[in-house]
Amino acid sequence: MSTLAPLRLLREPSNASEGNHSNATVGAGGGWCQGLDIPNELFLALGLVSLVENLLVVAAILKNRNLHSPTYYFICCLAVSDMLVSIGNLAEMLFMLLLEHGVLVMRPSIVRHMDSVIDVLICSSVVSSLSFLGVIAVDRYITIFYALRYHSIMTLQRAVVTMASVWLASTVSSTVLIAYYRSNTVLLCLIGFFLFMLVLMLVLYIHMFALARHHLHSISSQQKPPTAHRGGSLKGAVTLTILLGVFFICWGPFFFHLILIVTCPTNPFCTCFFSYFNLFLILIICNSVIDPLIYAFRSQELRRTLREVVTCSW
């Protein structure tokens, strides 16, 4: 059994038969095209780690009134999205294990209905997680380039509308994806959404990176050694590089998989790439583990609140 049911549906193209898949795999290069046999225990362990991490982030933001701002609300929504990915993953695994061992006996129609509900939950969480990564990038851009006008641009009301719109759009689009997952049009929309988010983050973060570099050069040209400012600029540039790198590594392989499904579903080399689907799912779950480390835990205020939450000092 593999996890992340809605993504599992996209493992192979619908027009690729078992015979074609077998022949293509053999013709594409033998052993390395057999894919990776990733144990369910690894999915379970990563899901539990992600669940605990993101639950702590949500608890810390709710506890500390100093963190009740649009920026941290967006981070909180990202944590909720990643947390729901883990919950859906764990719920699906538990559901399937109970069915396989005969502990839970249900009619096939009810099983399909339950599976569809879990599918929509996981898929909407994945889409909303991707969306909030883009929202956080926009929020950081406004913070840097429109610092004096930030509170008038990003009001609490606009933040709430943004969050509600993301959740609504994610739920609707995920329902459509689950219902028509074999349609190339739906896959193209999903690919287009990822490319839009990738381009958006690239443009915004590269612009912010350029500002940090310009800042560093300005400090150097003054022939003074303000190491604290220089270190801050370098730290900001490194952070942006890490953000883009993690985003591309965790999400890129899965969406490249979707592109190959649309463009070359029966090509031997594409079919060989499909066999590594479980690895791509692991990377997506790893993204839910990494997100709190680069978006939340870097905040000193949030880390202090986390210590209070862990020690139960409410």
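Numbers given for residues are sequential positions, taken from 1 along each chain in its written order. Whole-chain, interface and lining totals are the exception, using all residues; otherwise, since this is a predicted model, local features are given only for residues with pLDDT of at least 70 and side-chain atom pairs are given and counted only at 80 or more. Hydrogens and waters are ignored; side-chain quantities use all the structure's heavy atoms.

For the protein, an unreviewed UniProt entry supplies the name Melanocyte-stimulating hormone receptor and the organism Loxia curvirostra. UniProt positions are given in the numbering used here, feature names are shortened, and annotations may be inferred rather than shown by experiment. Per UniProt, the protein carries the Function (unreviewed entry) text "Receptor for MSH (alpha, beta and gamma) and ACTH. The activity of this receptor is mediated by G proteins which activate adenylate cyclase." If you open the UniProt record of the protein and go to Sequence similarities (unreviewed entry), you find "Belongs to the G-protein coupled receptor 1 family."

1. Describing the overall build of the protein
In DSSP terms, a helix is any run of H or I states spanning at least four residues, a strand is any run of E spanning at least two, and both are numbered starting from the N terminus. Of the regular secondary structure elements, the protein holds 12 helices and zero strands. Along the protein, helices and strands appear, N-terminal first, in the series α-α-α-α-α-α-α-α-α-α-α-α. The buried share of the protein, taken over its 314 residues, is 45%. By the convention used here, residues are in contact when the closest approach between their heavy atoms is within 4.5 Å. Contacts in the protein between residues at least 24 apart in sequence constitute 82% of all its contacts with a sequence separation of at least 6. Exposure categories follow from relative accessible area, calculated using a 1.4 Å probe and restricted to protein chains: below 20% of the type maximum is buried, above 50% is exposed, and the middle band is partly exposed.

2. Focus on the state of the cysteines
The disulfide criterion used throughout: a pair of cysteine sulfur atoms within 2.5 Å. Within this structure, the stated rule accounts for one disulfide. Note that C264 is cross-linked by a disulfide to C270, the S-S spacing being 1.8 Å. Between C264 and C270 the disulfide shows an S-S torsion of about -85 degrees. By sign, it is left-handed. According to the relative accessible area criterion, C270 is buried, its value standing at 7%. No disulfide involves C76; its sulfur sits 5.9 Å from the nearest other cysteine sulfur, which is in C77. For C76, a relative accessible area of 11% puts it in the buried group. C286 provides the cysteine sulfur closest to C250, a residue in no disulfide bond, and the two sulfurs are 6.5 Å apart.

3. Focus on the environment of G192
By the element assignment, G192 lies in helix α8 (residues 184–221). Between the C-alpha atoms of G192 and I259, which are 67 residues apart in sequence, the distance is 9.9 Å.

4. Things to note about the pattern of salt bridges
For this document, the term salt bridge refers to a Lys or Arg side-chain nitrogen within 4 Å of an Asp or Glu carboxyl oxygen. Going through the model one piece at a time under the given rule, you end up with three salt bridges. Note that R304 is salt-bridged to E301, the shortest N-O span being 2.8 Å. Here R304 pairs with E301, and both are found in helix α12 (residues 300–310), just three residues apart, close to one helical turn. Accessibility expressed as a relative area gives 33% for R304, which makes it partly exposed.

5. Topic: the UniProt feature "transmembrane region" (unreviewed entry) in the protein
Under the local residue numbering, the UniProt record ascribes the feature "transmembrane region" (unreviewed entry) to residues 42–62, 74–97, 117–138, 159–179, 185–212, 233–261 and 273–297. Taken end to end, residues 273–297 comprises 88% helix and 0% strand; its first and last C-alpha atoms sit 35 Å apart.

6. Describing the packing of helix α3 (residues 40–63) against helix α4 (residues 70–100)
A fitted line through C-alpha atoms serves as each axis, taken over the contacting stretch for helices, and the angle formed by two N-to-C directions is quoted from 0 to 180°. Contact geometry for α3 and α4: axes closest at 8 Å, N-to-C directions at 150 degrees. Between α3 and α4, the interaxial angle falls into the category roughly antiparallel. As for how α3 packs across α4, the hand of that crossing is left-handed. Only Y72, I75, C76, A79, V80, D82, M83, S86, I87, N89, L90 and M93 of α4 make contact with α3, whose side of the interface consists of N40, F43, L44, G47, L48, S50, L51, N54, L55, V57, V58 and I61. Among the residues forming the contact of α3 with α4, the class breakdown is 17 nonpolar, six polar and one charged. With respect to orientation, any angle under 35 degrees is reported as roughly parallel, any angle over 145 as roughly antiparallel, any angle of 65 to 115 as roughly perpendicular, and every other angle as oblique. Here is the rule for handedness: rotate from the far helix to the near one, and if that takes an anticlockwise turn smaller than a right angle the crossing is left-handed, while a clockwise turn gives right-handed. When residue character is reported, Ala, Val, Leu, Ile, Met, Phe, Trp, Tyr, Cys and Pro are called nonpolar, Asp, Glu, Lys and Arg charged, and the others, Gly included, polar.

7. Quick word on a nonpolar patch on the surface
On the surface, L168, V172, V176 and Y180 cluster together to form a nonpolar patch covering roughly 400 Å² of accessible area. Within the secondary structure, V172 sits in helix α7 (residues 156–179). Residue classification places V172 among the partly exposed positions, given a relative accessible area of 47%. Residues form patches when they are more than 30% accessible in relative terms and have no salt bridge. Like charges link within 9 Å. Nonpolar side chains (Val, Leu, Ile, Met, Phe, Trp, Tyr) link within 5 Å. Exposure was quantified through the Shrake-Rupley algorithm and a 1.4 Å probe, taking into account, for residues, occlusion by the shown protein chains and nothing else.

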